Amino acid sequence: MLHKTSARLALAAALLLSGLAHAQVGVQGAWVRATVPQQKATGAFMLLTSAQDARLVSASSPVAAVVEIHEMKMEGDVMKMRAVPTLDLPAGKTVELKPGGYHIMLLDLKQPVAAGGTVPLTLVFEGKDGRRQPLELQAPVRALGAPAGHDAHGGHRH
Ligand SMILES: [Cu+2]
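We now turn to the structure provided with this report.

Parameters and conventions
Residues numbered from 1 in each chain as written. Predicted model: local features only at pLDDT ≥ 70, side-chain atom pairs only at ≥ 80, totals over all residues. Heavy atoms only, no water. Helix = DSSP H or I, 4+ residues; strand = E, 2+ residues; numbered from the N terminus. Buried < 20%, exposed > 50% of the residue type's maximum accessible area, 1.4 Å probe, protein only. Contact = heavy atoms within 4.5 Å. Pairing = 2+ DSSP bridges. Salt bridge = Lys/Arg side-chain N within 4 Å of Asp/Glu carboxyl O. Core = buried A, V, L, I, M, F, W, Y, C linked by side-chain atoms within 4.5 Å. Phe/Tyr/Trp six-rings, centres within 6.5 Å; stacked < 30°, edge-to-face > 60°. Polar contact = N/O pair within 3.5 Å; in protein donor to acceptor, adjacent residues only side chain to side chain.

Moving on to the overall build of the protein. A tally of regular secondary structure across the protein gives 1 helix and 10 strands. Start at the N end of the protein and walk to the C end: the helices and strands fall as α-β-β-β-β-β-β-β-β-β-β. The burial tally for the protein puts 37% of its 158 residues in the buried class. Expressed as a percentage of contacts within the protein between residues at least 6 apart in sequence, the contacts between residues at least 24 apart total 68%.

Pasting the structure below:
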């Protein structure tokens, strides 16, 4: 059994080293907004903190046919939402994805997203060296009383 243990330790060390060479991104407080009947889109929100300069380049989920990175901001008096190709994660800075700001948009939902469940998400980060690394997580689904903002967004397509 001893040789097995040392092999496992060696593997763990190798994984650790390869991890250090990549952008390491921490995810905190991820959640997905529950949908109401007929709703075909929803948002995922979280805090992202990368140890080194990196960016979020794509996301996917088995519950949605299309997943995009979105930005919401005021333009004059109007709250506008648009897809952005990437989201910059400056080293050591926590970037907040939240309602009314950046979010991950789940479009063409294949099934309702019910409160109390979880949604699998795969995020792909790219480090300064151009290397990409996927990160998988399970985001709990939460219902929010007023789905502010995303109501206006329901039918949009790119
Ligand atoms: Cu959106």
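Along any regular strand, the residues point their side chains to alternate faces of the sheet. One ladder, built from 6 bridges, connects strand β4 (residues 64-75) with strand β8 (residues 103-109); its direction is antiparallel. Bridge pairing in β8 places His70 opposite His103. Pairing of β4 with strand β5 (residues 78-83) involves 6 bridges; the strand directions are antiparallel. If you follow His70 over to β5, its bridge partner there is Ala83. Remark: 2 residues form the turn of the hairpin made by β4 and β5, two consecutive strands paired antiparallel; Gly76 in that turn has positive phi of roughly 65°.

According to the stated counting rule, one finds 7 salt bridges in the structure shown. The salt bridge involving Glu71 is made with Lys73; its shortest N-O contact spans 3.8 Å. Residue Glu71 is classed as buried on the basis of its relative accessible area of 9%. In this structure, the salt-bridge partner of Glu96 is Lys98, at a minimum N-O distance of 3.8 Å. For Glu96, a relative accessible area of 43% gives the class partly exposed. Put simply, Arg55, Glu126 and Arg132 are held in one network by salt bridges that share partners.

Formed by 29 residues in total, the largest nonpolar core has its most connected members in Met46, Leu48, Ile104, Leu106 and Leu123. A total of 4 residues in this core trace back to one element, the largest contributor, which is strand β9 (residues 118-127). Listed in part, the 5 residues of the second largest apolar core include Ala41, Met72, Met81 and Leu107.

What follows is about the packing of aromatic side chains. According to the stated counting rule, one finds 1 aromatic pair in the structure shown. Residues Trp31 and Phe45 carry aromatic rings whose centres are separated by 4.7 Å and whose planes lie at 35° to one another, so their mutual orientation is tilted. Of this pair, Trp31 sits in strand β1 (residues 25-33) while Phe45 sits in strand β2 (residues 42-50), placing them 14 residues apart in sequence. For the pair Trp31 and Phe45, a shared accessibility class is recorded, and that class is buried.

Right, let's get into unusual backbone geometry. One non-glycine residue, Gln38, lies in the positive phi region at around 75°. Following the sequence through the fold, Gln38 ends up in the loop between β1 and β2.

Let us now look at the environment of Thr86. Within the secondary structure, Thr86 is located in the loop between β5 and β6 (87-89). In sequence terms Thr86 and His70 are 16 residues apart; their C-alpha atoms lie 9.1 Å from each other. Once residues within four sequence positions are removed from consideration, Thr86 is found in contact with Arg55, Leu56, Val57 and Ile69.

By the secondary structure assignment, Asp53 is in the loop between β2 and β3 (54-60). Residues in contact with Asp53, not counting those within four places in the same chain, are Leu89, Pro90, Ala91, Gly127 and Lys128. Only 2.7 Å separates the side chain of Asp53 from the backbone nitrogen of Ala91, close enough to count as a polar contact.

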